[in-house]
Amino acid sequence: AELARLVTEAAAEAVASGGRFTLGLSGGSLVALLARELPPALSAAPGADPSRWLVAFCDERLVPPEHPESTGGAYRVSRGVPGAVPVPAGAPSNP
């Protein structure tokens, strides 16, 4: 719950300053943790509007981004980051 709270607090601060919250996420056990803990944390922090998030799904494997076993696919299947805007495939990782 602590990680989800920290993420939503940082998101609320970024959104309140008129910006967008950018977050890079890995896969593995983090997917299940965020799928479980992020929705209640978002409910408790309405200023953390996920539609203002830009999420980069980090994956060391060569898996198409739409594949359910990719990091992005795992989050989509689990609804781990509801409402967030994914970084488009092929976007530079460090613009």
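Up top is the structure these notes are about.
Keep in mind that what you see is a predicted model, and the values were worked out from it rather than measured.

> Help me get a handle on the pattern of salt bridges, residues and values and all.
Summed over all chains, the structure comprises three salt bridges. One salt bridge connects R5 with E2, and the closest N-O pair in it is separated by 2.4 Å. Placement of the pair is R5 and E2 together in helix α1 (residues 2–16), with a separation of three residues, close to one helical turn. The exposure class of R5 is partly exposed, given its relative accessible area of 33%. Residue E9 is joined to R5 by a salt bridge in which the shortest nitrogen-to-oxygen separation is 2.4 Å. Of the two residues, E9 and R5 both sit in helix α1, four residues apart, roughly one turn of that helix. The network of salt bridges with common partners includes E2, R5 and E9.

> Kindly report on the nonpolar core, identifying the contributing residues and their values.
Core analysis: the biggest nonpolar cluster contains 17 residues, and V7, F21, L23, L25, L38 and W53 have the highest contact counts within it. Elements supplying a minimum of two residues to this core: α1, β1 (21–25), α2 (29–44) and β2 (53–57). No other element matches the five residues that α2 contributes to this core. Apart from residues no more than four positions distant in its own chain, L23 is found in contact with V7, W53, L54, V55 and A56.

> Which residues make up the side chain of T71, and what are the values?
Of note, T71 is situated in helix α3 (residues 71–78). You can call T71 buried: its relative accessible area is 4%. In this structure the side chain of T71 is engaged in a polar contact, spanning 2.9 Å, whose partner is the backbone oxygen of C58. Sequence-distant contacts of T71, defined by excluding residues within four places in its chain, comprise L25, S26, G27, F57, C58, D59 and R61.

> Could you give an account of the environment of V31, naming the residues involved and the relevant values?
Within the element layout of this structure, V31 appears in helix α2. Expressed as a C-alpha distance, the spacing of V31 and T71, which sit 40 residues apart in the sequence, is 8.2 Å. If sequence neighbours within four positions are ignored, V31 has contacts with A74, Y75 and S78.

> Would you mind going over α3 in detail, with residue names and values included?
If you check which residues of α3 are buried, you get T71, G72, G73 and Y75. At its buried positions, α3 is contacted by β1, α2 and β2.

Here is what the cut-offs are and how they apply
Residues numbered from 1 in each chain as written. Predicted model: local features only at pLDDT ≥ 70, side-chain atom pairs only at ≥ 80, totals over all residues. Heavy atoms only, no water. Salt bridge = Lys/Arg side-chain N within 4 Å of Asp/Glu carboxyl O. Helix = DSSP H or I, 4+ residues; strand = E, 2+ residues; numbered from the N terminus. Buried < 20%, exposed > 50% of the residue type's maximum accessible area, 1.4 Å probe, protein only. Core = buried A, V, L, I, M, F, W, Y, C linked by side-chain atoms within 4.5 Å. Contact = heavy atoms within 4.5 Å. Polar contact = N/O pair within 3.5 Å; in protein donor to acceptor, adjacent residues only side chain to side chain.

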